[in-house]
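# Descriptive structure summary
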Amino acid sequence: MDQLAGLLAPHLRALDELVACDGHITRAAERLGIPQSSMSRRIHALQKSLGVPLVIQDGRTVRLTPAAIRLASRIRDPLRAMESGIESVIGDADAEHGTVRFGFPLTMGSGRLPTLIADFHRRAPGIRLQIKQAHGSALAADVRAGELDVAVLIPAPQRLQHTVIGIQPIQAVLPADHRLANRRRIRLSELRDETFIANPTSYNLRQLTENWCKAAGFTPSMALEITEFATMRELIGRGLGIALLPHDGRVAPGTTEIALSPATYQREIALAWSPTAATPAGRRFLGFLREHF
């Protein structure tokens, strides 16, 4: 049995990635850095070795069987532990190579963080970054589960190793033709009669928006709930409401950002890490972000 597990390790890794990609063979192959044909061969070889159907061909797509999903969930942690152990041992004397799984919030897709990623890649081209953008709670869960090695999180997470690396100011985003659009600063109380566009109630920024408005003496009228910040800005540009959002260098057409007064509307930016970030590549990336953010 031990010999079989060793021989099937690459095939099991392929299955784990295929399940993570919801059965998209092309995407899974890209994430593993192998040709799609090799990916297909590994899955079919694993089926043959185990004598258990793992995928069902459905036209041009592939559906995963319950057995495939169950097997992937059982092997994921042992595979990650094995990969981390091997990478740590081999890379102890070499911080120039390896893989770091890195996550950051949807609100930070432009500006400083992409610039830092590009700078790090130029300094350490042999280190591969696997990048994920998601809602903050999903990123924190991935760090806890060892699915991500390093993540930038807003707000600072509980029950995770982290350090605060910055502050994210929150501004009012208004339609460009709004009555307050030409002001340099506004008080939140001046927006009491406005219609707000916000995230769902589970989002930290939604909770802050409600708490800040309450402290300013009013309950915000929420017209729309949207998960994507870019879509919120597009709808603001079409006159459907306003929102409290972090600065975005890519200002959506028909919108303007106005600073809030006093300058206390902000969130902490934290850098969190999992024990899987103990590899030389992970330590190097962590150190770079701490120094340059």
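Rules of the game
Residues numbered from 1 in each chain as written. Predicted model: local features only at pLDDT ≥ 70, side-chain atom pairs only at ≥ 80, totals over all residues. Heavy atoms only, no water. Helix = DSSP H or I, 4+ residues; strand = E, 2+ residues; numbered from the N terminus. Buried < 20%, exposed > 50% of the residue type's maximum accessible area, 1.4 Å probe, protein only. Polar contact = N/O pair within 3.5 Å; in protein donor to acceptor, adjacent residues only side chain to side chain. Contact = heavy atoms within 4.5 Å. Domains from an automatic or database assignment. Buried area = accessible area lost by both parts, 1.4 Å probe. 1 Å grid on protein atoms, 1.4 Å probe; cavity = no way out; pocket = protein on both sides within 12 Å on 5 of 7 lines; lining within 4 Å. Points joined across faces, edges and corners; volume = space filled by probe spheres on them. Pairing = 2+ DSSP bridges. Arc of directions from axis to C-beta. Nonpolar A, V, L, I, M, F, W, Y, C, P; charged D, E, K, R; others polar. Phe/Tyr/Trp six-rings, centres within 6.5 Å; stacked < 30°, edge-to-face > 60°.

## A short note on the side chain of Arg206
Inspection of the secondary structure puts Arg206 in helix H7 (residues 204-215). Since its relative accessible area comes to 7%, Arg206 is described here as buried. Engagement of the side chain of Arg206 in a polar contact is seen with the backbone oxygen of Asn199, the distance being 2.8 Å. Within the local environment of Arg206, its side chain forms a polar contact with the side chain of Glu225, the two groups lying 2.9 Å apart. If we ignore the near neighbours within four places in the chain, the residues touching Arg206 are Ala198, Asn199, Pro200, Thr201, Met222 and Glu225.

## Things to note about the side chain of Gln168
Considering the arrangement of structural elements, one finds Gln168 in strand S6 (residues 161-175). Take Gln168: its relative accessible area is 7%, and that puts it in the buried class.

## Quick look at the domain arrangement of the chain
Splitting the chain by domain gives domain 1 (1-90), domain 2 (96-161 + 274-292) and domain 3 (167-266). In this structure, domain 2 and domain 3 have C-alpha centres spaced 28 Å apart. Across the boundary between the two partners, domain 2 contributes eight residues, which contact 10 residues of domain 3. Between domain 2 and domain 3, the buried area comes to about 750 Å², and carbon and sulfur atoms account for 58% of it.

## Things to note about the layout of surface pockets
If you roll a probe as big as a water molecule over the atoms, it shows you where there is empty space left. In this structure, the second largest pocket encloses a volume near 350 Å³. Taken together, 23 residues make up the lining of the second largest pocket; nearest its centre are Gly136, Ser137, Ile154, Pro155 and Asn204. Looking at the lining of the second largest pocket, the elements that each hand over two or more residues are helix H6 (136-145) and H7. At four residues, the largest contribution of residues to the lining of the second largest pocket is made by H6. No fewer than three residues from each of domain 2 (96-161 + 274-292) and domain 3 (167-266) sit in the lining of the second largest pocket.

## Considerations on the pairing of S6
When a strand is regular, its side chains alternate between the sheet's two faces. The sheet contact formed by S6 and strand S12 (residues 266-273) spans eight bridges and is antiparallel. From the neighbouring strand, His162 faces S12, where its bridge partner is Ala272. Strand direction decides the pairing type here: S6 and strand S10 (residues 243-246), joined by four bridges, are antiparallel. Bridging across to S10, Val173 finds its partner in Ala243. In terms of strand pairing, S6 meets strand S11 (residues 255-261) through four bridges, oriented antiparallel.

## A few points about helix H8 (residues 229-237)
For H8, the full list of buried residues reads Phe229, Met232, Arg233 and Ile236. End-on, the buried residues of H8 take up no more than an arc of 95°, which puts them together on one face. Looking at the buried positions of H8, the neighbouring elements they touch are S6, strand S8 (195-198), H7, S10 and S11. Positive phi appears at Gly239, one or two residues downstream of H8, with a value of about 80°.

## Some points on empty space enclosed by the protein
Applying the stated criterion to the full structure yields one cavity of 30 Å³ or more. A volume near 40 Å³ is recorded for the largest cavity. In this structure, the largest cavity is lined by Ile197, Ala198, Asn199, Leu205, Arg206, Thr209, Met232, Ala243 and Leu244. Counting residues per element, the ones that place at least two in the lining of the largest cavity are S8, H7 and S10. Counting residues per element, the lining of the largest cavity draws most heavily on H7, which supplies three residues. Taken together, the residues of the lining of the largest cavity sort by class into six nonpolar, two polar and one charged.

## As for the packing of aromatic side chains
With the rule as written, the count across this model stands at six aromatic pairs. Taking the centre distance of 4.9 Å and the plane angle of 80° together, the rings of Phe102 and Phe285 count as edge-to-face. Note that Phe102 is positioned in strand S3 (residues 98-105) and Phe285 in helix H9 (residues 280-292), a separation of 183 residues in sequence. For Phe285, a relative accessible area of 0% translates into the label buried. Relative to Phe218, the ring of Phe196 has its centre 6.3 Å away and its plane inclined at 40°; by these criteria the two rings are tilted. Of the two residues, Phe196 sits in strand S8 while Phe218 sits in the loop between H7 and strand S9 (221-225), which places them 22 residues apart along the sequence. Since its relative accessible area comes to 1%, Phe196 is described here as buried.

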